[in-house]
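# What the coordinates show
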Amino acid sequence: MLEIVMANRAGFWKQISFTIVMHEMSIAMSIVEAVVANAQKEGAVRVSGVELLVGKLAGIEPESLKFCFSAAAKGTLAEEALLAVEEPEGVGECGECGMRFPVTFYYAECPGCRSLRINIVSGEEFLIQSITIEEEGE
Ligand SMILES: [Zn+2]
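Residues numbered from 1 in each chain as written. Predicted model: local features only at pLDDT ≥ 70, side-chain atom pairs only at ≥ 80, totals over all residues.

## A look at the pairing of strand S1 (residues 44-54)
Keep this limit in mind: Two strands are counted as paired when DSSP detects at least two bridges linking them. Helix numbers and strand numbers start at the N terminus; a helix is a DSSP run of H or I with at least 4 residues, a strand a run of E with at least 2.
Here S1 runs beside strand S6 (residues 126-135); their pairing, made up of nine bridges, is antiparallel. Looking at S6, one finds that Leu 53 is bridged to Leu 127. Strand direction decides the pairing type here: S1 and strand S2 (residues 82-86), joined by five bridges, are parallel. Paired with Leu 53 across the bridge in S2 is Glu 86.

Here it is in structure tokens:
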């Protein structure tokens, strides 16, 4: 009986991590696509660096993303690109008393007045900040 439960649990976690990796993989593929398109437009022969801004509330795991990025970039101009990820902390602002405080989750409570009317002011960012390219002859 115990054995069956453990087996199910292991399968469950395997499924979860697979889903997470698929999520990061599809994000990584879109990033590579955007990076390569922009690099080609600028006449690049190689992309040497990519800087991302991924807020801690964006729901993206940076380590998985880096792993998926190198897989997705294989055979493209960005194959040897170094991926740097900046992770802004989550900051919430109370809609009642205006207090600002760090948040690690969307459904935060104001530490000042216990209000649940919280606006997220930072931490949801997800964008490509810069791309470093090399042009022909470099
Ligand atoms: Zn408050």
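## A look at the sheet that holds strand S5 (residues 118-122)
Under the convention used in this document: Here an angle of 0 to 180 degrees is reported between the N-to-C directions of two axes, which are lines fitted to C-alpha atoms, with helices fitted over the stretch in contact.
Strand order in the open sheet formed by three strands is S4-S3-S5, and the pairing between neighbours is antiparallel. Edge strands, defined here as strands with exactly one partner in the open sheet, are strand S4 (100-102) and S5. Looking at each pair of strands side by side, their axes are set apart by 35° on average, direction ignored. Bridge count between strand S3 (residues 91-94) and S5: four bridges; the pairing is antiparallel. Counted as the bridge partner of Gly 92 is Ile 120 from S5.

## Section: the confidence of the model for the protein chain
Which entries qualify depends on this criterion: Every residue gets a pLDDT, meaning the predictor's confidence in that residue, from 0 to 100. Each residue is represented by a C-beta atom placed from its backbone, and any two residues with such atoms within 7 Å are regarded as in contact.
Here the protein chain averages 85 in pLDDT, while 84% of its residues score no lower than 70. Below a pLDDT of 50 lies the segment residues 1-10, which in the model reaches zero contacts outside its immediate sequence neighbourhood of four places, other chains included.

## Remarks on unusual backbone geometry
Positive phi is not limited to glycine here, since Arg 114 has a value of about 70°. By secondary structure assignment, the location of Arg 114 is in the loop between S4 and S5.

## Quick notes on the environment of Val 50
For Val 50, the position within the fold is in strand S1. Excluding residues that lie within four positions of it along the chain, Val 50 makes contacts with Val 35, Ala 78, Ala 81, Leu 83, Ile 128 and Ile 131.

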